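Here are the chains, one letter per residue:
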Amino acid sequence: MPHHSWRLVLVLAGAAAATGGAAAASDGAPAVDPAPRKVDGARGCVETIRFGVVDGIAPLSVAPATAWLDDAPDLCFAWYRQPSGPVALEKISNGDLDFATMGSVPFTTAIERGAPVSAIGILAIQLSAEGLATRYGLQEPRSLRGSTIATVRGSTSHYMFEAFLLETGIDPRDVTLVFAAPKEITRLWDAGAIDGAACWTPTLDHVLATPHGATGTPALVVYDAETLRRWGYRTGVLLVARDDFVARLPDVAQRVVERVVRAAYAYNTNPNSFDWTAGRYADVVGRSFWLELGNETTFSRAAVAEILTRNTWPGILEQMGFRGTMGAAILRRQAAFLFAQKDLAETPYEDAAPYLDRIDISFLSEARLLQYETIPLDADPDPVPDFVPYAVRAQMPVPGEGCESFTVLDDENATFDDGSTGEHAYARNANCVWALRAPATGCVALDVPFLSSEGVRDRVEVFSATGDLRATFFGRRGGHPTTVGCVVADAPPPGVAAALVGGAAPDIEGVGLYVRWSTDDEDELAMGAIEPVGFRATARAIEPQERICGPGRGGALCDAPYCVGVVEVTGEGGVIKTQVADDAYQPNSRCAWRIPARGGRVVLDVARLGLERVRDVVTIYDGAAATPGFGALAQPVPFPVFELLRRKYRMSGTHAPTVPLVVDNDVFVTFESDGIANRPRDGGPAGLEIRWRRDAAESTLCPEVASCGRNGRCEEGVCVCDTGYYGETCAFDTCVGAAPWRVAPSGRIVSNAGADYSPGQFCGWPLNIPGREGESIAGIRLRFDRFDIEAPEGQATTTDRAVVFYSVGPQQGSVLCIFRRVMSQQGQTSAGAAVDPATDETKFTFDDGDTLEVLLPEPAAAGANVQLMLGFETDANNHRPFSGFDVTYGVAFDGPAFCDERWPCAEGEVCEDDRCVDEKPRKSKHSRSRRQLRRMKRGVIVAMIVFACVIGLAFCVFGGIYGARVVRTKDELETERVRVVRDQVDSARQWVEDFQAPFCVVAADTFIALGALRPHEALRDGPRDADDDECDKQHTRLEFYDSVDDVERARRGGAVFVFLSHQWLGHAHPDPAGIHYKAMCRALQAVAEDAGVALSAVRAWVDVSSIPQANQATQSLAVASLPTFASCVDYFIVVAPDTEHVTTGCGCDAATYRKRAWCRAEVVACWARRGADRMFVATNRGLRPLFVDTGDGVDTYLEECLEVFAGDLTCCRLQHPDGEPCDKEALVPPFLGLIAELYRDRKQRPEAWAKVRDRADELFPRTFSYESGGVTTTLPLFGDLIEAILRLVDSEGTDGASPEPVLRGLAPGTTGQRHVAKAHRRSPHQHSRHLVATAPHSGDGSTLRGSRDAGSLRGSPGVLFRALSDRVVRRSPPAALRELPTASPAVTERSTAATVATAASAATVATTETPRDNWASSPPASPWSSTSLWSSSRSPESKTGSSERRLTWALPTGRAERPRVSTVSLQPVLPTVEDV
C-alpha cells in the first residue's frame, strides 16, 4: 500500500523562527459580497484576491514577493498568513478568503460539515516538515506515558499523533494532550510547560532549536510525517477554493493551478540548481518566508533550500490520482478520527461520492492539456518576474498606534476608528470602548462604513445603554446595518461601562450606545497587494422611531436580511426567524429575542429547525435577563448554576419538537452559530422559525394549552412527566435543560427514557434538600442503578459526565464531584469513576448498584436546607447509543443514616422517623417459660460437652492414621502434577521440532503462471471436469515436505523457501480481485533477484494453495503447524497492499494485518528462529523491510507483534458460538516450544531473548477471558508452563539430575481438549477417549476453569468420599472404576501411560462417557464440590453414538485452602483455516 503523506497546506513559512497562530476559532462573517472590492487604484487593482497560507515553504512561494499571479490587468493578490488549517477553514468558509491552504484533516472537516469549498490541487506531501519532537529522554514510545504534548486540535499533526499512539500501543489516556495554536506552543515549550509538540515547520524547528524551558535539555524527533505515511496514515497539503469564487472567476482559479504546477515542475526537475539553492528563486522564496514570520530584513537562502527538501511536490498526474478510491479512503479514515475526537457531530459518510465530489481536478486536466508542467519558470508565457517593492513587505502594527481604553463622545456627528494609519495593521490585544451620548433628540445611530478585520476574534460590538448586545461586526465586508440606541427613561443599571472595559470606568449619563473594539494577539502579516485594515465608524443624531422588522430581518432600519443582536419582541404573538431566505443562515451569528410574559405564559411552536447539529444551537431561557455573550453585565462564571437553572430547552439539528414549548415566565431565546457550514449537512431548509403567542395567566397548561401526551399525566393543570421524560408537556424522551426544583430528602433521576441521550446538552436537576431541626446535612448519597454513558475507547475521546454542584450563591456554585465512565487498562470493560474536580484524578471506581456518598466541604448549619444540583454534560456525538443513567439520591445527615422506601436500613437496624436505629430486642411476657428454657439450654450444653470429649478422644486415636494418609496422598498427587506439567512441556518442544502436517509449496514460476490464487486441491490434482479451470497440469503441481530435515535438504540443493502471509479479502475467496496475487508475484520476483537464483528455484507457501481446503481433519493439522511452517523459511513476506474486504467493505492494509493474532504468530515464529533480516512487507510500491527503524530499532513494530495473545481473533469476535474453543489455546504448544529454543540459544541471540524475557508475563498470560453465549469465563492459558520450560532447559545441563524436582509446585496450562472436540464434531466418524480436567486453583481463592465441560464436578452424583478435616482425605475407589479403558488411536502412548500412572498412584478415579457433540455446549460451572475430591458424571449419548471418557483429579495445595485441580491434555490443538 503506497503511503502518501498528503498534508494540505500551501506552505509559505518555515525554519527555526517561532510562528504565531491563533487557536482554531470561529472566524467569519456573512457570505461574500459579489461586488468588486476596490483596493489600490494607483496600481490598477479593481479586485483583490485573498489567499490564506499556513506556515511553511513551497515552490509556489516565489509568487508573493514577485506578484507573479498579478498578471491580470485589474486583479491583485493579497497573501494572508493563517496560524493553522482549522483557522483557514473557518475564514474561507465564511468568505474572508478566496483561496486557502490546509491539511487534509481540516479539509475532511470541510467535507463532513458541508463547507462551500473544494480542493483544486495538491501542493505538498510532507516528509520531515511535520512530526513530534520531545525533550531528551522521551524518544521511546513507552516513555510518552505520563507526558504532556501540545498540538493544534483538528490538524494533521493532531491526527498523526493519535495514529502514533494507536500504532505503538499507548493508551491516549496516559498522555496529557494540550490543544494550542502554533504561537502558543512555542511559548509553552520555552516555559517548560509541555514535554513535546506535534506540529509542523517552523514551530517544529523552534522546538528542535530551543532547549526545553524546564530541563534545559534539547529536543529530538520521535517520528515525522514520512514515518506515519509508511504506516498507512497519509496526509497532505491541499489548495482549497470557495465554490462561489470558482464559479464567478474560473480563469483566476485556472491561473493559480497552472502556477502551482509550473513551480513544482521547476523544482522537481532540478532541486539542486543554483536558482533553488542560492539564486533568484531561493531569494524570493526566502523573502516571502521571512516576511510571513514578520522579519523583513534577515533570511537564509541555505535554509530555504533545506526546508524545500522536507516535502515532495506532486506533479499533475499524482495530484489528479488523489481523486479516486484511494483519496476517498484517506479522507474517510481521517473523518473517522475527527468523529472519534468529537470534532464532528454527524456520523462520517460511508460512501466515497461525498469526498470525490469535493475534489475538483478540472483545472489540473486543463493544465495537463496545455502542458504547463513542462514550462520553465523563466519562460513564456508569464515568466516569474523579479521581486517588486510593494510586495516585499508585511503588514504589521506600528508601536504607539491604537485607541484609548474608554472614550466619551458628545458630538452629534462624531467619527472614530481603531487608531491605525495608512496600511498598517491595527494594534494587538486591543479593548477600546466608546460611550456615545445621545444628543437632544434622545437617540443616536451608529454606521460602520469601513471594516476589515481578522474574523470574529477582531470585532466591533455595539451595546445598548442597558448592556444588551445590539450588533456584532467583523470580517472583510461592507454593508453593515445601522444600529440605533436611545437614552432609557429609567436609570440604566450601573457597571455597564466597567464591564465592557474590563476594569474601572465611570457610569455615564445620557448614553445611547456603547461601542467596543477588541482584537487578539495574532496578526495575519499580509503580503502582496495589502488592503487597509481596521474600522471606521460614525455616530449621528436621530429621532426616536418605532420600527418593527419583519420575520428574519435585523438592524435598526430592518435593512439586514438576517437577525442581528438582541431584539425586544412586542405584541401578543408573532414569528421569530434567523434569516429571510431558507438557504443558509449567517455565520458566527449571535441573535436573541426577549419575549415578555406580562403575567401569563409564553407558548412557542417550532415551525422549522434546520441547524447544523450541535455546532449551531437555539436555547430558550426562563426569564428576561440576557445570558453571557448577549449582555455586558452577564459575565461568564466558572460554574453557572443560575444560568443553568434558567435553561429550559436547548435544540439543534433538524428534528423540531412536535408539541408546543411552554414557559410560565418571560422568555429569552438565543441563537448561536459558528463560522463553517451554517446549514444542515444533509440539506433541507436552513435556519430557525418559531411561532409564539402569549396566554393569559388564568389558563391552565393542561388540558387547555397542550396535552401531556402518553408520557405524563395532568394534575391540577400541570403535566407530571413519567420518569425519563422532560419538558413542560413531557414531549422529550431525554433531558433538554433544567428540570423543575425537587424539594424532598430522596428521589430518583433518570437522564433519558429513550435508547440514547442527546449530544451537545447540559441538563440540570436542582435539589432543595430540607433540613431538620437539630441535625446537620453532611452531603448526599447516590446509587447509580444504571450508569451507561460514553467512555473513552481507543482513539475515541469523550467529555460526557455527571456533575454534583453545590450552590454557594444565586449566581454560581462549586463542583463537589464529577462522575465519568472509564475503561479498564486492558480496554475491555468500563466502570463508573468518581473524579476529583480540583485535580481531575479518579478517586475510585464503582459499578451499577454501588452506594456513593458525596460530602459537602463542611456540614451545613443545623436545620438549614441545602441546595444541590445534579448536572449532565454531553459532548458532540455518541459513537453508539447509550442509555444514560438512573440514579437514586438521598440526604446524608451528620449522624444516623436517613431511610425510606428507597434507602432501607442495614441488617440489624430499623427505620424510625426516617432514621436508622439499632433494632431493640423484644421483651417476653412469660418469664417462667424463659427460666425453663434456660434450664433446658444448660442441660443440652452439658450433654454436648460430654459428647465432645468422647469424640475428641476418638479423633486423638485415629488422627495420626488419617494424617499420615493425607500427607502420603498429597505427595502422590503432587508427583502426578509434575508428570502432567512435564508431559505438556515435552509435547510442546516436540511440536516445533517437526511438522504436524506436510509442508506444501509451489515453485515461483508455476505460481506466477497460474494467473490467480488456486486452492490446494486444484494444484494437487489438476482440473477434474470441464467446469474447472483449464490449467496446464505442469503448472498445477505441489511439492510436499514431510519434515524439517526434508526442507533443509532442499535448501542445500539450492531451493529458496518463501512464506507469503496475508489477510483474506472475502469470506468465500481469499483474493477475489487478484490484488494480493499480483503483489505476491512481484514479491517472488524480488526474492529471486535478491537471492540470486532463478524463479524456478523459489518455493512459495501461501495458505489457500498449501493448506487442504476440503478435508477438515488434515486442514486442522496444517493450520496448527502454521508457526512451525513460518519459522523454517528463508524469506517471510507480509502481503498487505491497500485495498478493501469485498464482503465487509472495511479497509485491509499493513495496519489491519498486524492486528490479527494469527498474523502476529507467523511473524514472531519466523523472527524467533530466523531473525528479522529477511522479513519484508509487500505493498503497491514493492518490498520494504517489515521492521521500520523509528529511532529505537525494530522495537515498535516487533513489540506489537510479540503481543500475539492480545491480537484479534475471529473466534473471539464471534464470541465462540456453540461453545467453540478459542484459538489462543491452539497457539500455546508452538509458542511454548519457541520459548524453549530462544532460552536455550539466549547467549547466541541475547537481544531476542531480552525482548521476550522482560515481557514474559504480559506476552504469555497465565489465563485468558473466554466469552460464549453472553457468559465470560476465566480459563487457563499458559499457567506455569513458561517457568516450567525455563527450569527444564536449565536442568538439562546438570548430569544425572532428575528434572522432576524443579517442576514441583507448578500448575499446568491449557489442555486444549475443546479443540479436539471441535475437530471431532467435523469428523464424527472418529472416536477417541480423552482426559478432561479443570484449571489450577488461583492463589487468591478464585477458580480458573480449563474447559467448558468441567462443570460436572459441582453437584455430581458420584461423590466417593467426604473430607473429615481441612486436609483432603481420599477413599479407595469402587472396583468398577479401578480399571481404565485402553487408549484409542487418538490417544498417544504417553497419554495412555499418564492415565495408567494417574490411576495407580491416586487410586481414586471417576470416569464419564461424554459425547463429543456436547463438549462445547456444557455450561460453565465451578469445578469444586465442598465434600468431594473425585467426582464423575455421564452425559447422554450423542446422535452419532460416540462418547468420551473423562478423567478429573484434584491436587491439595498444602495449605488450609481448596486443593488445586490439575489437568493434562492428550490431544494436539487443532484449529481450522477459517479460525485463522
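It should be emphasised that the depicted structure is a prediction, and the values quoted were computed from it without experimental measurement. (Residues numbered from 1 in each chain as written. Predicted model: local features only at pLDDT ≥ 70, side-chain atom pairs only at ≥ 80, totals over all residues. Heavy atoms only, no water.)

Take helix α24 (residues 1075–1091) next. If you check α24, its first and last C-alpha atoms are 25 Å apart, about what 17 residues at 1.5 Å a residue would give, namely 24 Å. Inspection of α24 places His1076, Tyr1077, Ala1079, Met1080, Cys1081, Ala1083, Leu1084, Val1087 and Ala1088 among the buried residues, and these make up the whole buried set. Immediately downstream of α24, the backbone of glycine 1092 shows phi near 70°, a positive value. (Helix = DSSP H or I, 4+ residues; strand = E, 2+ residues; numbered from the N terminus. Expected span 1.5 Å × (residues − 1). Buried < 20%, exposed > 50% of the residue type's maximum accessible area, 1.4 Å probe, protein only.)

Our next topic: the pairing of strand β37 (residues 813–823). In terms of residue burial, β37 counts as a mostly covered element, since 8 of its 11 residues are buried. Here strand β36 (residues 801–807) pairs with β37 via 6 bridges, running antiparallel. Residue pairing in the sheet places valine 804 in a bridge with cysteine 817 of β37. The sheet contact formed by β37 and strand β38 (residues 830–835) spans 6 bridges and is antiparallel. (Pairing = 2+ DSSP bridges.)

As a further point, take the sheet that holds strand β41 (residues 866–873). Strand order in the open sheet made by the 6 strands is β34-β41-β36-β37-β38-β39, with antiparallel pairing throughout. Because the sheet does not close on itself, it has two edges, and the strands there are β34 (762–769) and β39 (842–846). Mean inter-strand twist for the sheet, computed between neighbouring axes without regard to direction, equals 25°. (Axes fitted to C-alpha atoms, helices over the stretch in contact; angles between N-to-C directions.)

For the rest of this paragraph, the subject is the side chain of aspartate 800. Mapped onto the elements, aspartate 800 comes out in the loop between β35 (777–788) and β36. Here aspartate 800 is buried and forms no salt bridge, its nearest opposite-charge partner lysine 342 lying at an N-O distance of 6.0 Å. At a separation of 2.7 Å, a polar atom in the side chain of aspartate 800 contacts the main-chain amide nitrogen of aspartate 875. When near neighbours in sequence (up to four residues on either side) are disregarded, aspartate 800 contacts Tyr757, Ile789, Glu790, Arg820, Glu873, Thr874, Asp875 and Asn878. (Lys, Arg positive; Asp, Glu negative; His and termini not counted. Salt bridge = Lys/Arg side-chain N within 4 Å of Asp/Glu carboxyl O. Polar contact = N/O pair within 3.5 Å; in protein donor to acceptor, adjacent residues only side chain to side chain. Contact = heavy atoms within 4.5 Å.)

This part covers the packing of helix α9 (residues 250–269) against helix α16 (residues 362–369). As a packed pair, α9 and α16 sit with axes 9 Å apart at the nearest point and diverge in direction by 60°. As judged from the angle between their axes, α9 and α16 are oblique. Crossing angle aside, the handedness with which α9 passes α16 is right-handed. Facing α9, whose interface residues are Pro250, Ala253, Gln254, Val257, Glu258 and Val261, α16 presents Phe363, Leu364, Glu366 and Ala367. Taken together, the residues that form the contact of α9 with α16 break down as 7 nonpolar, 1 polar and 2 charged. (Parallel < 35°, antiparallel > 145°, perpendicular 65-115°, else oblique. Left-handed = near helix turned anticlockwise from the far one by under 90°. Nonpolar A, V, L, I, M, F, W, Y, C, P; charged D, E, K, R; others polar.)

What follows is about the sheet that holds strand β9 (residues 219–224). Strand order in the open sheet made by the 5 strands is β7-β6-β8-β5-β9, with mixed pairing throughout. In this open sheet, the two strands that pair with only one neighbour each are β7 (176–179) and β9. Going from strand to strand, the sheet's axes swing by 25° on average, the running direction of each strand aside. By the bridge criterion, 3 bridges tie strand β6 (residues 148–151) to strand β8 (residues 196–200) in an arrangement that is parallel. Note that in β8 the partner of threonine 151 across the bridge is alanine 198. Sheet strands touched by helix α5 (residues 182–191): β5 (130–135), β6, β7, β8 and β9. Its angle to β8, the strand with the most contacts, is close to 150°.

With 20 residues, α9 extends 29 Å from end C-alpha to end C-alpha; this agrees with the ideal 28 Å at 1.5 Å per step. Most of α9 sits out of view: 15 of its 20 residues are buried.

Where nonpolar side chains cluster on the molecular surface, the patch consists of Leu953, Val957, Phe958, Ile961 and Tyr962 and spans about 510 Å² of accessible area. With respect to the element layout, tyrosine 962 can be found in helix α20 (residues 927–993). (Patch = residues over 30% accessible without salt bridge, like charges linked within 9 Å, V, L, I, M, F, W, Y side chains within 5 Å. Areas by Shrake-Rupley, 256 points an atom, 1.4 Å probe, with all protein chains shown as cover.)

Once that is clear, we can look at the pattern of salt bridges. Tallying each qualifying case throughout the model produces 69 salt bridges. The partner of arginine 691 in a salt bridge is glutamate 689, and the shortest N-O contact between them spans 3.2 Å. Bridged by salt links that share partners, the residues Lys91, Glu454, Arg476 and Glu524 form one connected network.

We now examine the packing of aromatic side chains. One pass over the structure, following the stated rule, counts 47 aromatic pairs. Taking the centre distance of 4.8 Å and the plane angle of 65° together, the rings of phenylalanine 784 and phenylalanine 787 count as edge-to-face. With respect to burial, phenylalanine 784 and phenylalanine 787 carry one shared label: buried. With a centroid separation of 5.9 Å and an interplanar angle of 85°, the aromatic rings of phenylalanine 819 and phenylalanine 846 are classed as edge-to-face. With a gap of 27 residues between them, phenylalanine 819 in strand β37 and phenylalanine 846 in strand β39 connect regions that are remote in the sequence. A relative accessible area of 2% means that phenylalanine 846 is categorised as buried. Three or more aromatic residues link up through ring pairs in this structure, and these residues are Tyr726, Tyr757, Trp765, Phe784, Phe787, Phe819, Phe846, Phe872, Phe882 and Phe885. For arginine 333, the ring lying beneath its charged end belongs to tyrosine 233, and the centroid distance is 3.9 Å. For arginine 1242, the ring lying beneath its charged end belongs to tyrosine 1239, and the centroid distance is 3.9 Å. (Phe/Tyr/Trp six-rings, centres within 6.5 Å; stacked < 30°, edge-to-face > 60°. Lys NZ or Arg CZ within 6 Å of the ring centre and 35° of its normal.)

Taken together, Arg934, Arg935, Lys937 and Arg938 make up a surface patch of like positive charges. Take arginine 935: it is sitting in helix α20. Given the relative accessible area of 47%, arginine 935 is considered partly exposed. (Charge placed at Lys NZ, Arg CZ, Asp CG, Glu CD.)

All right, on to unusual backbone geometry then. Along the chain, threonine 201 connects to proline 202 via a cis peptide bond; the corresponding omega equals 10°. The backbone of aspartate 382 shows a phi angle near 60°, a positive value even though the residue is not glycine. Note on placement: aspartate 382 falls in the loop between α16 and β12 (406–409). Owing to a relative accessible area of 31%, aspartate 382 belongs among the partly exposed residues under this scheme. The backbone phi angle of glutamine 1215 is positive, close to 60°, even though this residue is not glycine. By the secondary structure assignment, glutamine 1215 is in the loop between α31 (1210–1213) and α32 (1223–1226).

Time to look at the pairing of β34. With respect to burial, β34 is a largely interior element, 8 of its 8 residues being buried. Because side chains alternate across β34, one face comprises the buried residues Phe762, Gly764, Pro766 and Asn768, and the other comprises Cys763, Trp765, Leu767 and Ile769, equally buried. Pairing between β34 and β41: 8 bridges, direction antiparallel. Bridge pairing in β41 places phenylalanine 762 opposite glutamate 873.

Structurally, arginine 1304 is set in the loop between α36 (1281–1291) and α37 (1313–1322). Taking the C-alpha atoms as reference points, arginine 1304 and arginine 977, separated by 327 residues in sequence, lie 7.9 Å from one another. Ignoring any residue separated from it by four or fewer positions in sequence, one finds arginine 1304 in contact with Glu974, Thr975, Val978 and Arg1287.

The next point concerns the nonpolar core. Phe999, Phe1057, Phe1132, Val1163, Trp1167, Phe1260 and Phe1278 are the most contacted members of the largest nonpolar core, which has 82 residues in total. No other element matches the 10 residues that helix α29 (residues 1157–1170) contributes to this core. Core analysis: the next-biggest nonpolar cluster, separate from the first, contains 55 residues, Ala58, Val252, Val284 and Met527 among them. (Core = buried A, V, L, I, M, F, W, Y, C linked by side-chain atoms within 4.5 Å.)

Looking at where proline 792 falls in the secondary structure, it is placed in the loop between β35 and β36. Here proline 792 falls in the buried class, since its relative accessible area comes to 17%. Taking C-alpha positions, proline 792 is 6.7 Å from methionine 823, a pair spaced 31 residues apart along the chain. Once residues within four sequence positions are removed from consideration, proline 792 is found in contact with Arg173, Thr797, Thr798, Arg821 and Met823.

When the pLDDT values of the chain are averaged, the result is 79; 81% of them are 70 or greater. Least confident of the elements in the chain is helix α38 (residues 1389–1402), whose mean pLDDT is 31; most confident is β6, at 97. Confidence over residues 1–42 falls short of pLDDT 50; this stretch has 217 contacts with residues more than four positions distant or in other chains. Confidence drops under a pLDDT of 50 for residues 1312–1476, and excluding neighbours within four residues, the segment shows 396 contacts in the predicted structure. (pLDDT = per-residue confidence, 0-100.)

Right, let's talk about the state of the cysteines for a bit. For the coordinates displayed, the defined rule picks out 10 disulfides. Here cysteine 549 connects covalently by a disulfide to cysteine 558, the sulfurs 1.9 Å from one another. Its S-S torsion of about -85° marks the bond between cysteine 549 and cysteine 558 as left-handed, since a negative value means left-handed. Bridging cysteine 708 to cysteine 719, the disulfide has an S-S length of 1.9 Å. (Disulfide = S-S within 2.5 Å.)

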